[in-house]
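So you can see what is in the structure, the chains are spelled out below.
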Amino acid sequence: MRLVSLNLNGVRSAASKGWMEWAAATAPDLMGVQELKAQAPDLAGRFEAVAGLQGHFHCAEKKGYSGVGLYSRVAPSEVRIGLGAADPSGEFDAEGRWVELRFDGAGQAHGFGKLSIISCYFPSGSSSEERQQAKFRFLDRMAPLLRALAAEREFILVGDVNIAHREIDLKNWKGNLKNSGFLPEERAWMDALLRPAAEGGGGLVDVHRMLRPEDGGEAYTWWSNRGQAWAKNVGWRIDYQLATPRVAATAQAVSVYKDQRFSDHAPLTVDYGFRL
């Protein structure tokens, strides 16, 4: 099973730069995308299906903002849009940040009969202190949601988490210690999420780091549009595939595609050793 994640920074913009043709050549079984920056009428007739995959979407209420999608070659047994009860105020569901496809019965040969694939877009806090506080609220909702989900089913969450976990995950870590995306509180949240459940953590696995623990610059997935960040590879690794341990253990290969640029992010691809 080949699974791709990519922040499109606008589905129409990415399409104009060859994203759909690349997806067809890459032939993923599932593809999670973030920052659609589009509403349902914009998707109709053009983006509902890509590379032979059927799309499922959670669009933001605000035009030209956020939104996530998840494309699948296999029809899911259930589609869940939004955080629902995990977001009682509806603050984040209005922003289009979660789409989950459930494949109950998938992967039974590997011992997991209930499997979810999730495309998620975590808020950025870089624009203002107000947005940083919203990001913290989102993290507060996500931690118990992911723990509860892991207790009942296997899953892989793909998406733009907007957090670089460790110093190896960004070029200029010393200069970003007080900046959103590398704040101590954000990194501690990631620590807790990836700590084994037996030690009181969330028990999830950072699949890229599991497969290639020493990757530095080759693992970056986002580059600022300022200066010469792309040309000099002054990047951040903020796009992830986070999986429950049993699913993560089947992962075979990971790559970040940089030969073409579809947005300010690069596609992250992982091949897993099972079929849906």
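Residues numbered from 1 in each chain as written. Predicted model: local features only at pLDDT ≥ 70, side-chain atom pairs only at ≥ 80, totals over all residues. Heavy atoms only, no water.

Peer 1: So, the pairing of strand β7 (residues 98–102): which residues are in play, and what are the values?
Peer 2: Counting buried residues in β7 gives five out of five residues, a clear majority hidden from the surface. The alternating pattern of β7 places Trp98, Glu100 and Arg102 and Val99 and Leu101 on opposite faces, both of which are buried. As paired elements, strand β6 (residues 78–81) and β7 share four bridges and run antiparallel to each other. Looking at β7, one finds that Arg80 is bridged to Glu100. Where β7 meets strand β8 (residues 115–121), five bridges bridge the pair, whose relative direction is antiparallel. Within β8, the residue paired with Trp98 across the bridge is Cys120. (Buried < 20%, exposed > 50% of the residue type's maximum accessible area, 1.4 Å probe, protein only. Helix = DSSP H or I, 4+ residues; strand = E, 2+ residues; numbered from the N terminus. Pairing = 2+ DSSP bridges.)

Peer 1: I'd like a rundown of the packing of helix α4 (residues 129–152) against helix α5 (residues 184–194), residues and numbers included.
Peer 2: Packing of α4 against α5 brings their axes to within 11 Å, and their N-to-C directions diverge by 5 degrees. On the basis of the axis angle, α4 is roughly parallel to α5. Between α4 and α5, the residues in contact are Gln132, Lys135, Phe136, Leu139, Met142, Ala143, Leu146 and Arg147 and Glu185, Glu186, Trp189, Ala192 and Leu193, respectively. Its residues placed into classes, the contact of α4 with α5 shows eight nonpolar, one polar and four charged. (Axes fitted to C-alpha atoms, helices over the stretch in contact; angles between N-to-C directions. Parallel < 35°, antiparallel > 145°, perpendicular 65-115°, else oblique. Contact = heavy atoms within 4.5 Å. Nonpolar A, V, L, I, M, F, W, Y, C, P; charged D, E, K, R; others polar.)

Peer 1: Can you break down the sheet that holds β6 residue by residue, with the values?
Peer 2: Read across the sheet, six strands follow the order β6-β7-β8-β9-β13-β10 without closing on themselves; strand pairing throughout is mixed. Because the sheet does not close on itself, it has two edges, and the strands there are β6 and β10 (205–206). Each of β7, β8 and β9 (154–160) touches α4; the most contacted strand, β7, lies at about 5 degrees to it.

Peer 1: Mind laying out the UniProt feature "site: Interaction with DNA substrate" (unreviewed entry) in the chain, listing which residues take part and the relevant values?
Peer 2: UniProt annotation of "site: Interaction with DNA substrate" (unreviewed entry) refers to His265 when read in the numbering used here. Relative to the helices and strands, His265 is located in the loop between β14 (251–256) and β15 (268–272). Each residue touching His265, except ones within four places of it in the same chain, is listed here: Leu6, Asn7, Asp160, Thr221, Trp222, Trp223, Ile238 and Asp239. Within the structure, His265 has its side chain in polar contact with the side chain of Asp239 (distance 2.8 Å). (UniProt positions renumbered as here; feature names shortened; annotations may be inferred. Polar contact = N/O pair within 3.5 Å; in protein donor to acceptor, adjacent residues only side chain to side chain.)

Peer 1: Before we move on, could you go through the packing of aromatic side chains and cite the residues and values that matter?
Peer 2: All told, the structure shown has eleven aromatic pairs when counted by the stated rule. With a centroid separation of 6.1 Å and 70 degrees between ring planes, the pair formed by Trp222 and Trp236 is classed as edge-to-face. With a gap of 14 residues between them, Trp222 in strand β11 (residues 222–223) and Trp236 in strand β12 (residues 235–236) connect regions that are remote in the sequence. A relative accessible area of 12% places Trp236 in the buried class. Measuring from centroid to centroid gives 4.7 Å for Trp223 and Trp230, while their planes differ by 85 degrees, and the two rings are edge-to-face. (Phe/Tyr/Trp six-rings, centres within 6.5 Å; stacked < 30°, edge-to-face > 60°.)

Peer 1: Which residues make up the sheet that holds strand β3 (residues 49–50), and what are the values?
Peer 2: Here we have seven strands laid out as an open sheet, ordered β3-β4-β5-β2-β1-β15-β14, and mixed in their pairing. Bordering the open sheet on either side are β3 and β14, each of which pairs with just one other strand. Sheet topology places β3 next to strand β4 (residues 53–58); two bridges connect them, and they run antiparallel. Bridge pairing in β4 links Val50 to Leu53. In the packing of helix α2 (residues 19–26) onto the sheet, contacts are made with β1 (2–7), β2 (30–34), β3, β5 (68–72) and β15, and the angle to β1 comes to roughly 165 degrees.

Peer 1: Hey, could you go over the pattern of salt bridges for me, with residue numbers and the actual values?
Peer 2: Pairing of side chains with opposite charge becomes possible as their charged atoms draw close. Per the stated rule, a full pass over the model turns up 17 salt bridges. With a closest N to O distance of 2.7 Å, Asp215 and Arg212 form a salt bridge. With relative accessibility at 40%, the residue Arg212 sits in the partly exposed group. One salt-bridge network, held together by shared partners, links Asp169, Asp206, Arg209 and Arg237. (Salt bridge = Lys/Arg side-chain N within 4 Å of Asp/Glu carboxyl O.)

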